[in-house]
Amino acid sequence: MKAHTKETQATMTPQKSLQFLKEGNERFQKNLKANRNLLEQVNDTSDGQFPFAVVLSCIDSRVPAELVFDQGLGDIFSVRVAGNFVNEDILGSIEYGCKVAGSKLVVVLGHTACGAVKGACDDVKLGNITPMLSKIKPAVKAVSETSSEKDQSSANSTFVNAVSYKNVALTIEKMKVDSPVLKEMEDNNEILIVGAVYDVSSGKIDFLD
Ligand SMILES: [Zn+2]
């Protein structure tokens, strides 16, 4: 499989981009990798990059976007922060990927058993982790208000994973409010913004489109 070029990127639509990532995760689950020569891709991408998607995911070592979507060099922009939330810098990175570099899809990818989400559930306080976890607190609060779960700590995986799903949904909402650039691109059908959650026990990605 070749790295994307300006020409192949131009043939990608938001829906086709989503299909590419879905098929990539199917291959990953079956342990079928697309045939890629990464060293050749270094050479192919040396003059420029034409990625078709931006993936915002967690720093979790079990969820590297390129691997779980079976993508190569120059295929996706990978934005990572613990808890996959957005702020000014993250939105700037995503806007660059779409508006400047031509990507057609934004995926906000949460995951099960997320340590950042667990920390937010437990109200962990530690150095810069405290303000970081405050970005995930709205999801904890939203789930807490409607959940019948008695244990709302990190010990309850049902609660923790419900917060991961909610965090993805709220992150997308916030993205559309805080980034008029991305909102306008989506309204014009130039990009698609979708949520997804990766299951660390199966390798399967649940797309929320
Ligand atoms: Zn995580």
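**Student:** Go over the overall build of the protein chain with me, naming the residues and quoting the values.
**Tutor:** If you tally the helices and strands in the protein chain, you get 10 helices and five strands. In terms of overall dimensions, the protein chain has C-alpha extents of about 55 × 40 × 30 Å along its principal axes. Here the protein chain holds 209 residues, and 45% of them are scored as buried. Nonlocal contacts in the protein chain, meaning residues at least 24 apart in sequence, comprise 71% of its contacts between residues at least 6 apart. Taking the 23 positively charged and 27 negatively charged side chains of the protein chain as two groups, their mean positions are separated by 3 Å.

**Student:** Outline the sheet that holds strand β5 (residues 205-207), listing residues and values.
**Tutor:** With mixed pairing, five strands are arranged side by side in an open sheet as β2-β1-β3-β4-β5. With one partner strand each, in any of the chains shown, β2 (76-80) and β5 form the two edges of the open sheet. With direction set aside, neighbouring strand axes in the sheet form an average angle of 25 degrees. In the sheet, strand β1 (residues 53-57) pairs with strand β3 (residues 105-111) via five bridges, with the strands oriented parallel. Paired with Val54 across the two strands is Val106, which belongs to β3.

**Student:** Tell me about the side chain of Asp75, and please be specific about residues and values.
**Tutor:** Among the secondary structure elements, Asp75 is positioned in the loop between α4 (65-68) and β2. A relative accessible area of 2% means that Asp75 is categorised as buried. A polar contact is formed between the side chain of Asp75 and the backbone nitrogen of Gly72, at a distance of 2.6 Å. Residues contacting Asp75, with those up to four places away along its chain left out, are His4, Arg36, Pro51, Phe52 and Ala53.

**Student:** An account of the coordination of the zinc ion is needed here, citing residue identities and associated values.
**Tutor:** In ideal tetrahedral geometry, four donors around a metal make angles of 109.5 degrees, whereas ideal octahedral geometry with six donors gives angles of 90 or 180 degrees. Looking at the zinc ion, one finds its protein donor set to be Cys58 (SG), His111 (NE2) and Cys114 (SG), positioned 2.1 to 2.3 Å from the metal centre. The motif formed by the donor residues of the zinc ion, counted along the single chain, is C-x52-H-x2-C. Taken together, the residues Cys58 in the loop between β1 and α4 and His111 in strand β3 connect sequence positions 53 residues apart. Judged on exposure class, the residue Cys58 and its partner His111 are both buried.

**Student:** Quick rundown of the packing of helix α5 (residues 88-100) against helix α10 (residues 180-187)? Include the residues and the values.
**Tutor:** Running from amino to carboxyl end, α5 crosses α10 at an angle of 35 degrees, the nearest separation of the two axes being 9 Å. As for the relative orientation of α5 and α10, their crossing is left-handed in sense. Touching Leu91, Ile94, Glu95, Cys98 and Lys99 of α5 are Val181, Leu182 and Met185, all from α10. Within the contact of α5 with α10, the residues separate by chemical class into six nonpolar, no polar and two charged.

**Student:** Describe in detail the environment of Thr13, supporting the description with residues and values.
**Tutor:** Mapped onto the elements of the fold, Thr13 is located in the loop between α1 (6-10) and α2 (14-29). For the pair Thr13 and Asn189, spaced 176 residues apart in sequence, the C-alpha to C-alpha distance is 9.1 Å.

The rules behind each value
- Residues numbered from 1 in each chain as written.
- Predicted model: local features only at pLDDT ≥ 70, side-chain atom pairs only at ≥ 80, totals over all residues.
- Heavy atoms only, no water.
- Helix = DSSP H or I, 4+ residues; strand = E, 2+ residues; numbered from the N terminus.
- Buried < 20%, exposed > 50% of the residue type's maximum accessible area, 1.4 Å probe, protein only.
- Contact = heavy atoms within 4.5 Å.
- Lys, Arg positive; Asp, Glu negative; His and termini not counted.
- Charge placed at Lys NZ, Arg CZ, Asp CG, Glu CD.
- Pairing = 2+ DSSP bridges.
- Axes fitted to C-alpha atoms, helices over the stretch in contact; angles between N-to-C directions.
- Polar contact = N/O pair within 3.5 Å; in protein donor to acceptor, adjacent residues only side chain to side chain.
- Donors = N, O, S within 2.8 Å, 3.2 Å for Na, K, Ca; no water.
- Left-handed = near helix turned anticlockwise from the far one by under 90°.
- Nonpolar A, V, L, I, M, F, W, Y, C, P; charged D, E, K, R; others polar.

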